[in-house]
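A closer look at the structure
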Amino acid sequence: MTFCRVDRQSAQAFLEQPVILPPRVRHMSNFRTESTLLCGIVWISGSRSNSKQGEFKPMAEVDLRPGSAESRRPLSPHLQIYRPMLTMMMSIAHRITGAALYVGTLLLAWFLIAAATGPDAFAIAAGFLNSIIGKLILFGFTWALFHHLLGGIRHIIWDAGYGFTHPEREYLAQATLIGGIVLTLLAWIIAYIVF
């Protein structure tokens, strides 16, 4: 969401321009004063919207009158305010698995460099990865890879404008969680059968 300072005539011209947006997306604006326009794109999940058709309720009230910065600063809730939900936890897990993939990629690079270096370096890397700790790290890396992949697919579905209604959001979050675990177990079972 961005704040833009424009006069009423420019704002009206801006609002009359055609906007091409994905399905289930509406362009909304809210005049706070004559010289200030709050402009942004708000995602609405069809009938789940709290406002009537054509009516706009701002997501947050912002006081733009002169005064101290503390009195004008918008309140932003944090994790201690929100009730944990599955979609929120999956979003956090998506970020954590993304960071874990960096570490796992470094481990994979170490293994490949050791294989290219010679038999002594390869024996050390293979010995570590075949240990219980190494296998746990590889299992975690595999889960992080599949979980992050499915989280990315969920975000692509959202970017297309789908999956925002209440049951769809929950189904996608559950599919990400369960799918990551199932794909990880399948990959490890196949790896043990083949190798």
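Note: the structure precedes this text.
Let us look at the structure shown here. (Residues numbered from 1 in each chain as written. Predicted model: local features only at pLDDT ≥ 70, side-chain atom pairs only at ≥ 80, totals over all residues. Heavy atoms only, no water.)

**Some thoughts on the overall build of the protein**
When helices and strands are counted, the protein shows 6 helices and 3 strands. Counted from the first residue to the last, the protein has its helices and strands arranged as β-α-β-β-α-α-α-α-α. By residue count, 26% of the 195 residues in the protein fall in the buried class. Taking as baseline every contact in the protein between residues at least 6 positions apart, the subset at least 24 positions apart corresponds to 63%. Here the protein displays about 14000 Å² of accessible surface, and carbon together with sulfur accounts for 67% of that area. (Helix = DSSP H or I, 4+ residues; strand = E, 2+ residues; numbered from the N terminus. Buried < 20%, exposed > 50% of the residue type's maximum accessible area, 1.4 Å probe, protein only. Contact = heavy atoms within 4.5 Å. Areas by Shrake-Rupley, 256 points an atom, 1.4 Å probe, with all protein chains shown as cover.)

**Re helix α4 (residues 119-130)**
Here α4 contains 12 residues, and its C-alpha end-to-end distance of 16 Å stays within 8% of the 16 Å for a straight helix at 1.5 Å per residue. When we look at burial in α4, the residues that qualify are Ala 125, Ala 126 and Leu 129. The buried residues of α4 occupy one face: seen down the axis, they fall within an arc of 95 degrees. Away from its buried face by more than 90 degrees, α4 exposes Asp 120 and Ile 124. The secondary structure elements touched by the buried residues of α4 are α3 (86-117) and α5 (132-159). (Expected span 1.5 Å × (residues − 1). Arc of directions from axis to C-beta.)

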